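Chain by chain, the residues run as shown.
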Amino acid sequence: MKNKCILSLLAFFIVVLSACEKANIDVDTSDADGSAIGEVSGVWSKGSVQHIKGDIIIPEGKSLTIEEGVTVLMDSVNKPEIVVLGNLYALGTAENPVKFTVEDGYKTKTNEFGKLWGGILAAPSCQELVLDNTVIEYGGAITSDASTSVKMGLYKKVSGEALPALWFSNPDGKLVVQNSTVSHFHEDCTYIEGGKIIFANNRFFSNGVTGGEAMNFKSGCLADVAYNLVYSVNTNALKLSNSGDRTPQAYIIVYNNTMLNTGWRRPTAKGGSIWLEASVRAEIYNNLFANTRFGVKRDPKKPEDSRSVSSNNWYYGYGQLTVDQFQVGKNDIVGGSNDVRGKVAGENNPKFVSYPLETSVDNYVFDSTWDFHLQGNSPALKAGTLAFKPHFTSGLVMSNGLTYNSPQPAAYVGAFGSKF
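To start, this report covers the structure provided alongside it. (Residues numbered from 1 in each chain as written. Predicted model: local features only at pLDDT ≥ 70, side-chain atom pairs only at ≥ 80, totals over all residues. Heavy atoms only, no water.)

### Observations regarding the overall build of the protein chain
Helix and strand content of the protein chain: 3 helices and 34 strands. Expected size for 420 residues packed as a compact globule is a radius of gyration near 22 Å; at 23 Å, the protein chain falls within 12% of this value. Along the longest, intermediate and shortest principal axes, the C-alpha atoms of the protein chain span 95 × 40 × 40 Å. A total of 420 residues make up the protein chain; the buried ones form 57% of that total. Within the protein chain, counting contacts between residues at least 6 apart in sequence, those at least 24 apart form 68% of the total. (Helix = DSSP H or I, 4+ residues; strand = E, 2+ residues; numbered from the N terminus. Rg over C-alpha atoms; globule rule 2.2 N^0.38 Å. Buried < 20%, exposed > 50% of the residue type's maximum accessible area, 1.4 Å probe, protein only. Contact = heavy atoms within 4.5 Å.)

Written out as C-alpha cells, the structure reads:
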C-alpha cells in the first residue's frame, strides 16, 4: 500500500509539472493574472497582470494578443527580453493602455534611463506587430553573451549593446505603433529594419544617455510618421537612412510632428532633429521644431535621394545659438520650400497652450501638464500644406481582421493644432 501511495504521488507531480511546462510553452491566461518564461502565445486578458520572470519567445507561426489594461511587469533582476518570432498585438485603449513596465519601486532617479529589462525584439519571421495605446518604459538593458537575442543573432547580434524598446526587421512585414508612449530607455527607442509601417500619435520623452534616436529607420522601410511628440531624446527625433542593403529603398514620409529640445545632450554634434543619410528617400512636411539642436540635417558623405522633398516646416529658437544652428548653409542643414525659419532669437513663437519656451534645452524631465496644442491666434495654425499623400491612407490590413490607416495631413504645423 505504501508503494502504491508513493507511485500515485509521483504520478500526480508528473501531471502538475507537465501542466506547468505546457503553460510556459503556450500561455493563454485568458481568465487570470499569470507569470511567464519561455515560449508564450494566446491571449493575455483584459486587466490582468503578467509577471515576466525571464526571456519570453512568441514562436514562429503563433501570436500573442495582449488586451486592454494588461500590465506586463518585467523582472528588473533578470532583465528579460521579449522575442517575437510570430506576431504580437498589444491592443490597449486610451483609458486602459497596455503597459510594459517595472515595479513602481524601481522608477527612481537612479533608474531614470532604464536598463531594467531588454526590449521587444521582432525577428525577420515576425509578420505583424501592433502596439496601440501601449506604454513601454524603463528598458534598454545591455546585452551579454548569455542574452537570448545574442544567441539567436537578433538586433545587432553582439553583446554590449543597449537594446531598443522595439526592433523590427522584416521588409515584408507590417508594423503599427500608434497612440503609444516610449520613455526612460537607455539609448534608441526604436530601430526599424524594414516593413510597411505606421508611426502615429505617439510620445517619446526622457530617452538616451550618450546616444539614441526616438525613431531610427533603415533600408527596407516604407513608413508614414505623423502626429508624434518627441521631447529631449539624446540625439535625433528621427534618423532616416537607407543603410543595410535591403529592398525596397527606405522611403519615409514625415509630417505633422512636434519636436522639442532634441539633440542637445549628445556629446558630439551629429544631429538633433531629423538626420538624412545613405540615399534615403524622405518627404518632410508640416513639422514643428522648437529649441531643437539643428534643423533637418544631412550626412554630406552619404546624402539623401535626390527625389526627397521638404516643405512647410516651422523652426523656433528661444536662444540665438539655437537659431543660428538651424540656418540653411551651415552645418549641412537642409532647406525646404515655404519653411518658417527666422534669424533672431524668439522669432516665430508657435504659441503653445502651455509650455515654457525658456525651458533649458538640455532638460529631459517631461511634465505631463504641458500642453503642446496651439493657441487660437498661433500663426502656425495655417502654415502647413496638404499637397502630398501618405503611403497607407487606404490602410494596412492585419491577419486578425484589424485595419490601420495613416492619418491625413493637417493644414497646421506640428502634431496637435488648436484645442478649440
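Moving on, there is more to tell.
### Focus on the nonpolar core
Within the largest apolar cluster, 65 residues are counted, with the highest numbers of intra-cluster contacts made by Leu129 and Phe217. Every residue in contact with Phe217, bar those within four places of it in the chain, is listed here: Ile192, Ile197, Phe199, Ala223, Val225, Leu238, Lys239, Leu240, Ser241 and Ile252. If you look at the next biggest cluster of nonpolar residues, it comprises 19 residues, including Tyr231, Phe352, Tyr355 and Ala383. (Core = buried A, V, L, I, M, F, W, Y, C linked by side-chain atoms within 4.5 Å.)

### Quick word on the environment of Gly119
Assignment of secondary structure puts Gly119 in the loop between strand 8 (98-101) and strand 9 (120-122). Beyond its immediate chain neighbours, meaning those up to four positions away, Gly119 contacts Pro80, Glu81, Ile82, Leu163, Pro164 and Ala165.

### A few points about the sheet that holds strand 2 (residues 42-44)
Here 10 strands make up an open sheet; going across it, the order is 2-4-7-10-13-16-19-22-25-28 and the pairing parallel. A strand with exactly one partner marks an edge of an open sheet, and here the two such strands are strand 2 and strand 28 (309-311). For this sheet, the mean angle separating the axes of adjacent strands, direction not counted, is 10°. Taken together, the 3 bridges between strand 2 and strand 4 (residues 63-66) define a ladder with parallel strand orientation. Counted as the bridge partner of Gly42 is Leu64 from strand 4. (Pairing = 2+ DSSP bridges. Axes fitted to C-alpha atoms, helices over the stretch in contact; angles between N-to-C directions.)

### Focus on the pattern of salt bridges
Applying the stated criterion to the full structure yields 9 salt bridges. Note that Lys107 is salt-bridged to Glu137, the shortest N-O span being 3.0 Å. One end of the pair, Lys107, is in the loop between strand 8 and strand 9; the other, Glu137, is in strand 11 (residues 134-137), and 30 residues separate them in sequence. Look at Glu137 and you get buried, because its relative accessible area is 13%. A salt bridge links Arg298 to Glu304; the nearest nitrogen and oxygen atoms lie 2.6 Å apart. For Arg298, a relative accessible area of 27% corresponds to the partly exposed category. A network of salt bridges, in which partner residues are shared, links Asp104, Lys107 and Glu137. (Salt bridge = Lys/Arg side-chain N within 4 Å of Asp/Glu carboxyl O.)

Everything listed here is a matter of coordinates, which is why it stays silent on function.
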